[in-house]
Amino acid sequence: MTGAAAMRPRVLPVGRHALLVEVAGSEEAQVFHAELLRRRAAGALPPIREIVPAARTVLLDGVGDPHALAARIAEWTVPPADAAEGEPVVLPVRYDGADLAEVAALWGVAEEEVPRLHASMSFRVAFCGFAPGFGYLTGAPEHLHVPRRATPRTAVPAGSVGLAGPYTGVYPSSSPGGWQLIGRTDVRLWDPAREPAALLAPGTRVRFEEIA
Amino acid sequence: MSSLTVVRAGALTTVQDLGRPGHAHLGVPRSGALDEPAHLLANRLVGNPGGCATLETTVNGCALRTDTAVTVAVTGAPCAVRADGRPVAWCAPVRLPAGAVLDVGPARAGLRSYVAFAGGVAVPPVLGSRSRDLLSGLGPDPLADGARLPLGAPCGPPAAADVVPWAAPPTGGLVLPLVLGPRDDWFAPQALRILAGDGFRVSSASNRIGLRTDGPALPRARTDELPSEGMVLGAVQVPPAGRPVVFLADHPTTGGYPVVGVVPAPALAAAAQAAPGTPVRFVPVRA
């Protein structure tokens, strides 16, 4: 995460109680999000109800005095990437997805190479959305990005591992979806009765492991 | 524990409280009562704290039988309220005898009535809330005929209020204040005039996720794709077809269409009561 040293966030007001902090890209957004959590844990932030990272922004919602906070953020120096390197969550996957051949063709490799390549990458949850516990995982090199399916499926089973654009994602529950499916895990990504309910939160590191 | 039985579920009746804020970073919508002031008032009338769960009806009310005597109140959309067929007061505490059927009639104006029971609807909370979230499916299922729901123990005396002043739901038209941004620069200058004009009506496709509109398309200044970003309650998102959508309680936590402005939360209660076909204008205000 090099480009982060010169981070100059752009702070946009959102309504009367929120700010949208816009940075250059996904890595910068992840670094800025980690910095926000660090400052919040240190008690250096006013109460903020929601801190929601996304593709290249972080939303701060439920802020008492957004103008004052915006002025403070503009003065921050965000250190480059000490994105805390916790132990990764390891997700065992059977790589038998319906779009495996399609992904292999897009990657320009044999079908049996897809699991080895995918399981060799280190991912991080850039942000969540779409459904409770659905993480957008970054870490795939650019030449392995793939488009969404032209026609979304009406039902994708829970645990399906899919690819779309720069992201890998795992469907936490059965839902419609347009991602290219490469496999399936039995790990429960989302369980409201569990603490924490979401296995993958923004910033979590993730690795996939092929089930032979 | 006392309970209530659903005699007539109505078009869509859900359990609602103040929602589950604080989980948006996990993709969990805030949810909660759409007309929050009406929900709070119903609770106050029966002596509940504001966080107790009420029932939110849609268009045609519902009917319920309680197995013990309980104090109830119906607020929100004005409607006929009956206890075992006899008319009782709307927007006031009513003592129901054990086994009586409370019938909440169709909304005479507005869309959503709120039914509070002393002690609250005591279904198990999910992530700290009993609200049904229609986007993600969290919380108890919408009411079905014959279903039973537990009631909590009454926790205080009912409010000693005889008459409560209450604004009527919008009938002539809905005027929503709009704080511009964060993506108003994605729209052509005439988009603001169109928003404030008289071209929009509430669409019948509206629901707890968003108030959708029919009307002219807002012209864009930029047509490239916006990467997904966090969304707030009241955000006015504009999909490619150009008709604004006002995000209500069950809105998605992130979205990829530009937000032209945000309707401040106090104005959303009226949005929650605006029936399809109601004219709607967006009037830019200062932050």
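Because the structure is predicted, anything quoted here is derived from the model rather than measured.

Conventions and cut-offs
Residues numbered from 1 in each chain as written. Chains lettered and ligands numbered in written order. Predicted model: local features only at pLDDT ≥ 70, side-chain atom pairs only at ≥ 80, totals over all residues. Heavy atoms only, no water. Domains from an automatic or database assignment. Contact = heavy atoms within 4.5 Å. Buried area = accessible area lost by both parts, 1.4 Å probe. Salt bridge = Lys/Arg side-chain N within 4 Å of Asp/Glu carboxyl O. Polar contact = N/O pair within 3.5 Å; in protein donor to acceptor, adjacent residues only side chain to side chain. 1 Å grid on protein atoms, 1.4 Å probe; cavity = no way out; pocket = protein on both sides within 12 Å on 5 of 7 lines; lining within 4 Å. Points joined across faces, edges and corners; volume = space filled by probe spheres on them. Helix = DSSP H or I, 4+ residues; strand = E, 2+ residues; numbered from the N terminus. Buried < 20%, exposed > 50% of the residue type's maximum accessible area, 1.4 Å probe, protein only. Core = buried A, V, L, I, M, F, W, Y, C linked by side-chain atoms within 4.5 Å. Pairing = 2+ DSSP bridges. Axes fitted to C-alpha atoms, helices over the stretch in contact; angles between N-to-C directions. Arc of directions from axis to C-beta. Phe/Tyr/Trp six-rings, centres within 6.5 Å; stacked < 30°, edge-to-face > 60°. Lys NZ or Arg CZ within 6 Å of the ring centre and 35° of its normal.

S.K.: Provide a residue-level description of the domain arrangement of chain B, including the pertinent values.
M.R.: All names here are of chain B. If you check the domain split of chain B, you get domain 1 (3–150) and domain 2 (174–285). Computed from C-alpha coordinates alone, the two centres of domain 1 and domain 2 are separated by 28 Å. The partner domain 2 presents 17 residues to the 23 residues of domain 1 that form the contact. Summed over the three residues of domain 1 that lose the most area to domain 2, namely R30, L34 and L135, the buried surface amounts to 36% of that side. Put simply, domain 1 and domain 2 have one salt bridge between them. The salt bridge partner of R208 is E56, with a shortest N-O separation of 2.9 Å. On inspection of domain 1 and its partner domain 2, the count reaches eleven residue pairs in polar contact (both at pLDDT 80 or more).

S.K.: A description of empty space enclosed by the protein should follow, citing residues and the corresponding values.
M.R.: For the structure shown, the criterion picks out four cavities of 30 Å³ or more. If you go around the largest cavity, you meet 15 residues; those closest to its centre are E50 and D61 of chain A together with A24, M231 and H251 of chain B. For the lining of the largest cavity, the secondary-structure elements that each account for two or more residues are β3 (48–53) and β4 (57–63) of chain A. With three residues, β3 of chain A is the largest single contributor of residues to the lining of the largest cavity.

S.K.: How would you summarise the pattern of salt bridges if you had to cite specific residues and measurements?
M.R.: Enumeration over the complete set of coordinates arrives at 18 salt bridges over all chains. The partner of R222 of chain B in a salt bridge is D224 of chain B, and the shortest N-O contact between them spans 2.8 Å. Overall, R222 of chain B belongs to the partly exposed group, its relative accessible area being 33%. Judged by relative accessible area, D224 of chain B falls into the partly exposed class, the value being 37%. Taken together, the shared-partner salt bridges connect R10, E22 and R56 of chain A together with R183 and E229 of chain B into one network.

S.K.: Which residues make up the nonpolar core, and what values go with them?
M.R.: Counting residues in hydrophobic clusters, the biggest one holds 66 residues, and the most contacted among them are L64, F117, V121, L176 and F282 of chain B. Summarising the domain contributions, this core has at least three residues from each of domain 1 (3–150) and domain 2 (174–285) of chain B. Setting aside residues no more than four positions away along its own chain, L64 of chain B makes contact with L4, T5, V6, V7, L55, A100, V101, L102, V115, F117 and L143 of chain B. Core analysis: the second largest hydrophobic core is formed by 25 residues, V89, Y95, A104 and I182 of chain A among them.

S.K.: Outline the sheet that holds strand β12 (residues 174–180) of chain B, listing residues and values.
M.R.: Note: strands within a sheet are paired through backbone hydrogen bonds, in either parallel or antiparallel orientation. All names here are of chain B. On the basis of which strands lie adjacent, the closed barrel formed by seven strands has the order β12-β19-β16-β17-β14-β13-β20 and mixed pairing. Mean inter-strand twist for the sheet, computed between neighbouring axes without regard to direction, equals 40°. Here strand β13 (residues 200–202) runs beside strand β14 (residues 210–214); their pairing, made up of two bridges, is antiparallel. The residue bridging R201 from the neighbouring strand is D214, located in β14.

S.K.: Could you give an account of the environment of A70 of chain A, with specific residues and numbers?
M.R.: All names here are of chain A. Here A70 shows up in helix α2 (residues 66–74). Residues A70 and M121, spaced 51 residues apart in sequence, show a C-alpha to C-alpha distance of 36 Å. Discounting chain neighbours no more than four positions away, the residues touching A70 are V11 and L19.

S.K.: Give me the sheet that holds strand β11 (residues 148–150) of chain B: which residues, what numbers.
M.R.: Residue and element names in this part refer to chain B. The sheet built from six strands is open, its strands ordered β7-β6-β9-β4-β1-β11 with antiparallel pairing. Every other strand in the sheet has two partners, leaving β7 (86–88) and β11 as the edge strands with one partner each. When strand polarity is set aside, the average angle formed by the axes of neighbouring strands in this sheet is 30°. Looking at chain direction, strand β6 (residues 79–83) and strand β9 (residues 101–107) are connected through four bridges and run antiparallel. Looking at β9, one finds that A83 is bridged to L102.

S.K.: Requested: an account of helix α3 (residues 100–107) of chain A, with residues and values cited.
M.R.: All names here are of chain A. What α3 keeps buried is the set L100, V103, A104 and W107. Angularly, the buried residues of α3 cover 100° about the axis, an arc narrow enough to put them on a single face. For α3, the secondary structure elements touched by its buried residues are α4 (113–119), β9 (160–164) and β12 (180–184). Looking one or two places after α3, you find G108, whose phi comes out positive at around 75°.

S.K.: Any chance you could break down the packing of aromatic side chains for me, citing the residues and the numbers?
M.R.: The final tally for this structure, using the stated rule, is twelve aromatic pairs over all chains. Consider the rings of F134 of chain A and Y136 of chain A, whose centres lie 5.2 Å apart with planes at 70°: the pair is edge-to-face. The exposure classification of F134 of chain A matches that of Y136 of chain A, with both residues buried. In textbook terms, an aromatic cluster arises when at least three aromatic residues are bridged by ring pairs, as seen for F127, F130, F134, Y136, Y167, Y171 and W179 of chain A. The side chain of R39 of chain A reaches across the aromatic face of W76 of chain A, ending 3.9 Å from its centre. Just above the ring of F187 of chain B sits the side chain of R220 of chain B; from NZ or CZ to the centre is 5.9 Å.

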